[in-house]
Protein chains: 2
Amino acid sequence: MLRHDYPDQVCSIAKALEVVGERWTLLIVRDVMNGNRRFGELQRGLGVARNVLSARLQRLVEEDILERRAYQSSPERYEYFLTEKGLDLWPALVALLAWGDRHSPEPDGPPMLIVHKECGGAVSDRGVCELCGETLHARDARALPGPGVKPHKPSMAATANN
Amino acid sequence: MLRHDYPDQVCSIAKALEVVGERWTLLIVRDVMNGNRRFGELQRGLGVARNVLSARLQRLVEEDILERRAYQSSPERYEYFLTEKGLDLWPALVALLAWGDRHSPEPDGPPMLIVHKECGGAVSDRGVCELCGETLHARDARALPGPGVKPHKPSMAATANN
DNA sequence: CGAGTCGGTTGCTTGACGCAACCTTGTGTG
DNA sequence: CACACAAGGTTGCGTCAAGCAACCGACTCG
C-alpha cells in the first residue's frame, strides 16, 4: 500500500482503513491477539520484512492500537500488547475470517476456529457465541487450530489475553 | 500494497485480505453497496487513479465479488453489481465502520449511519438492529449521511440493492 | 572467544500506485 | 460537417512503499 491515507474520504470505513488497511497491519494485530508478542515471533510467523514490521509496529503504537512494554532490561527487550482500541478490532477480524472461510474454503475445513472461552461454543461471523448466544468481545474468545490447519504454526492456538 | 498475497499464511483472515486487503478495494465495495455502480462515479467519488480503479474492478470481477453488466450497447457501457459473495462483506464493513466511529470520532458525529430498512433502527457494530434486535444482512440495511457529513457526496445516501 | 539470540536499522532493488495524456464509440450543437 | 463533450477505459512515466540481505549493539551460552 502506497500512501496510506484516503484524502477526500469522510467515511469512517476510510478512516479505519488509513490505519489498519496497510499491508500486514491486520495480520500483525491478529498475531498479537493470538499471543505472538515479540518482534522475532511476529517476523518469523508472518514472513514480513523486518523493516516493514518495524514500521508497522511503530505506527500501531503511535495509533494506540498496540502498547510496547519492556519485559527485560540490559539488553532492553520489548513485547507488544493490544490496547482496548486494538482489542476492539476483534469483530472486524472475526467478520473477515468468517468471510474467508465461507468463500474460499480449504478442502479440509477452516484452518482456524474461534470459540467462546467460557462455554466452548463456536463463534459466528458476528462474534456471537452459537452455543450460548452471548455477544462476545476479544477477551471472551480463543483461537484454535482448525481441521484444515497445516503443520508448523502452533501460535494460532494461543489465548487472547492482555 | 505490493504483492497482494500473503504466502505461508493459511489463516482465512489472510486469504480474505489477499482479495479485499488491497488499497481501495474495500472502499470500492462500500461505494458499490451504496449505489455507485459506474466507473466514472466510482473514480470521482473515491479520487482513485483510473488505472488502479480499472485493475481493482477487474480483480473484483475475477474474484466473483462484483459482476459487470452492460447497461447499454454502442457504445457499450457497464455497471458493476455486488454478487452474493460481495454483499457478504457487509458485516466486515460494518465492523470497520463502527471501529472508525468509536476510535476516531468526528467532532459533529459520525459521517455515515447504517439503519435497518424495515424499522429504521440503528445498526450495531455486529450488524444487528438495535431497535428490533434482528441480525441483518447487506440488503436489510441502508446507509444515510450522518450528522458529521461534509457537503458533496450524496451518494452515501443510496440504497444497497442488487 | 566464537556462535547464537533479540530487536531492530541501513542500503539497495523491485514493483505498485498516482498522474496526465490519449483512445474509441457515440451524442449534441452551431 | 466540424467541434466539443461524455463514458469507460488504456498507456507511459516518475515516485515511493515493500522485499531482501547485511549489519549492529548488548548480552548469554558453551
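The text that follows walks through the structure, step by step, so that each part is easy to find. (Residues numbered from 1 in each chain as written. Chains lettered and ligands numbered in written order. Predicted model: local features only at pLDDT ≥ 70, side-chain atom pairs only at ≥ 80, totals over all residues.)

Before going further, it helps to spend a moment on the overall build of chain A. Within chain A, the secondary structure is distributed over six helices and four strands. Counted from the first residue to the last, chain A has its helices and strands arranged as α-α-α-α-β-β-α-α-β-β. In chain A, buried positions account for 44% of the 162 residues. A sequence separation of at least 24 residues applies to 44% of the contacts in chain A between residues at least 6 apart. (Helix = DSSP H or I, 4+ residues; strand = E, 2+ residues; numbered from the N terminus. Buried ≥ 20, exposed ≤ 12 C-beta atoms within 10 Å, placed from the backbone. Contact = placed C-beta atoms within 7 Å.)

Our focus in this paragraph is the relation of the copies chain B and chain A. Overlaying chain B on chain A yields an RMSD of 0.0 Å, the required transformation being a rotation through 180 degrees with an accompanying axial translation of 0.0 Å. Put plainly, the chains are arranged around a two-fold axis. Residue by residue, 100% of the interface of chain B is reproduced at the interface of chain A, so both copies engage with the same surface. (Least-squares fit on C-alpha atoms with pLDDT ≥ 70 in both.)

This part is about the interface of chain B and chain A. Residue-level contacts link 44 residues of chain B with 44 residues of chain A. Listing elements by their share of the side of chain B that touches chain A, those giving two or more residues are α1 (12–20), α2 (25–33) and α6 (90–103) of chain B. Tallying contributions element by element places α6 of chain B first for the side of chain B that touches chain A, with 11 residues. Along the lines of polarity and charge, the residues of the side of chain B that touches chain A split into 25 nonpolar, eight polar and 11 charged. (Nonpolar A, V, L, I, M, F, W, Y, C, P; charged D, E, K, R; others polar.)

Turning our attention to α2 of chain B. Residue and element names in this part refer to chain B. Of all the nine residues making up α2, nine are buried; the element is thus mostly covered by neighbouring parts of the structure. Considered for burial, the residues of α2 that qualify are Thr25, Leu26, Leu27, Ile28, Val29, Arg30, Asp31, Val32 and Met33. Count one or two residues on from α2 and you reach Gly35, which has phi positive near 100 degrees.

To continue, consider the pairing of strand β1 (residues 66–72) of chain A. Residues and elements named next belong to chain A. In terms of strand pairing, β1 meets strand β2 (residues 77–82) through six bridges, oriented antiparallel. By the bridge assignment for β2, Leu66 is matched with Leu82. Linking β1 back to β2 in an antiparallel pair, the connection comprises four residues, with Ser74 at a positive phi of about 45 degrees. (Pairing = 2+ DSSP bridges.)

As a further point, take the packing of helix α6 (residues 90–103) of chain A against α6 of chain B. Running from N to C, α6 of chain A and α6 of chain B point in directions that differ by 165 degrees, and their axes come no closer than 8 Å. Compared by their axis directions, α6 of chain A and α6 of chain B come out roughly antiparallel. Viewed along their axes, α6 of chain A and α6 of chain B form a crossing whose handedness is left-handed. For the pair formed by α6 of chain A and α6 of chain B, the contact residues are Pro91, Ala92, Ala95, Leu96 and Trp99 of chain A on the first element and Pro91, Ala92, Ala95, Leu96 and Trp99 of chain B on the second. Residues belonging to the contact of α6 of chain A with α6 of chain B are distributed by class as follows: 10 nonpolar, no polar and no charged. (Axes fitted to C-alpha atoms, helices over the stretch in contact; angles between N-to-C directions. Parallel < 35°, antiparallel > 145°, perpendicular 65-115°, else oblique. Left-handed = near helix turned anticlockwise from the far one by under 90°.)

The next subject is the environment of Leu89 of chain A. Relative to the assigned elements, Leu89 of chain A resides in the loop between α5 (84–87) and α6. Along the chain, Leu89 of chain A and Arg126 of chain A lie 37 residues apart, while their C-alpha atoms are 12 Å from each other. With residues near it in sequence (within four places) discarded, Leu89 of chain A still touches Val20 and Val29 of chain A together with Trp99 of chain B.

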